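Structural overview
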Amino acid sequence: MRLMWVWLVGLASVMAEEGWVSLFDGETLAGWTNGKGEAMAEGKWVAEGGLLHRKSLGAGSLFTEKEYGDFAMEFEWKISKGGNSGVKYRLQQIEGKWLGLEYQVLDDENFKGGEVKAEHEAAGLYDLKAPEGRDLKAVGEWNQARIEVKEGVVRHFLNGALVMELAIPGEEWEERFEKSKYRKAKGFGVNARGKIHLQDHGNQVWFRYLRIQEY
């Protein structure tokens, strides 16, 4: 515990100098809520030892208390065998549902739902644009991720490489949106601000080193 505390204090100091803010203190769910803005029940999302672990059935998704506009977010993730999760951003409620752009977190190779379509692969913009040029780690290993949302362009990075870029709005966006599952959700993806969401998709998933820098 002492070593973890020292590491967190040191990390916080470095991030403050660079304009980064931690989204996870390594030991609690401070700053995160359920979809109603309430504190999460203990034991289903477990925060300890620097890891944020979606552990048990019925955990529900985590939501940041704060909304974000343009930002860069960095984190590391690993998924259970066959597992599925995601990090959603620019989240908003449309017809009573929380919807947002999604950085896909997935075990592509062993996904329980069968063959994975390109637009659903890990690090892609879920159901909208497939990732390219990935160096995806094996299931159970840590992947480094970065999401950038700046001046109407969203970018996804995986293990240091840019794997997806899309201008929103734009001609390519409109074409992809009309072919996606979100096509009937008026206003999807074009809102200027929204919460960030760690998805409970029924599988175990782990996150660490979550931090954000607003532009």
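This write-up is about the structure you can find in this document. (Residues numbered from 1 in each chain as written. Predicted model: local features only at pLDDT ≥ 70, side-chain atom pairs only at ≥ 80, totals over all residues. Heavy atoms only, no water.)

1. Here we look at the packing of aromatic side chains
Summed over the entire model, instances satisfying the criterion amount to 9 aromatic pairs. With a centroid separation of 5.3 Å and 55 degrees between ring planes, the pair formed by Phe63 and Trp98 is classed as tilted. In this pair, Phe63 sits in strand β5 (residues 62–64) while Trp98 sits in strand β8 (residues 97–106), placing the two residues 35 residues apart along the sequence. Plain terms: the ring middles of Phe75 and Tyr103 are 5.6 Å apart, the flat faces sit at 75 degrees to each other, and that makes the pair edge-to-face. Placement of the pair is Phe75 in strand β6 (residues 71–79) and Tyr103 in strand β8, with a sequence separation of 28 residues. (Phe/Tyr/Trp six-rings, centres within 6.5 Å; stacked < 30°, edge-to-face > 60°. Helix = DSSP H or I, 4+ residues; strand = E, 2+ residues; numbered from the N terminus.)

2. Some remarks on the pairing of strand β13 (residues 205–214)
Along β13, 8 of the 10 residues are buried, which leaves the element largely enclosed by surrounding structure. Pairing of strand β1 (residues 21–22) with β13 involves 2 bridges; the strand directions are antiparallel. Following the sheet pairing, Val21 is matched in β13 by Ile212. Here 3 bridges tie strand β4 (residues 51–54) to β13, and the two strands are oriented antiparallel to one another. Across the sheet, His53 pairs through a bridge with Trp206, a residue of β13. Relative to β13, β6 is paired through 8 bridges, and the arrangement is antiparallel. The partner of Glu74 across the bridge, within β13, is Arg211. (Buried < 20%, exposed > 50% of the residue type's maximum accessible area, 1.4 Å probe, protein only. Pairing = 2+ DSSP bridges.)

3. Structural notes on the pattern of salt bridges
In the structure shown here, the tally under the stated rule is 16 salt bridges. Where Glu214 meets Lys66, a salt bridge forms, and the shortest distance between an N and an O atom there is 2.6 Å. With Glu214 in strand β13 and Lys66 in the loop between β5 and β6, the pair connects residues that are 148 residues apart, well separated along the chain. Lys66 sits in the partly exposed class, given a relative accessible area of 40%. Between Glu121 and Arg134 there is a salt bridge; the shortest N-O distance is 3.9 Å. Here Glu121, found in the loop between β8 and β9 (143–150), pairs with Arg134, found in the loop between β8 and β9; they are 13 residues apart in sequence, far enough to count as distant. Given a relative accessible area of 22%, Glu121 falls into the partly exposed group. On the basis of relative accessible area, Arg134 is assigned to the partly exposed category, the value being 29%. One connected set of salt bridges, linked through shared partners, spans Glu18, Glu74, Arg146, Glu148, Arg155, Glu165 and Arg211. (Salt bridge = Lys/Arg side-chain N within 4 Å of Asp/Glu carboxyl O.)

4. With respect to the sheet that holds β5
Pairing within the open sheet is antiparallel, and its 5 strands lie in the order β2-β5-β12-β7-β8. Each of the sheet's edge strands pairs with one partner strand only, and the pair in question is β2 (32–33) and β8. Here β2 pairs with β5 via 2 bridges, running antiparallel. Within β5, the residue paired with Trp32 across the bridge is Thr64.

5. What to know about unusual backbone geometry
Cis geometry is adopted by the peptide bond preceding Pro169, which originates at Ile168 and carries an omega value of 0 degrees. Backbone geometry places Asp127, a non-glycine residue, at a positive phi of 65 degrees. Mapped onto the elements, Asp127 comes out in the loop between β8 and β9.

6. Focus on the environment of Lys150
With respect to the secondary-structure elements, Lys150 resides in strand β9. Not counting residues up to four positions away in its chain, the partners in contact with Lys150 are Asp70 and Tyr215. (Contact = heavy atoms within 4.5 Å.)

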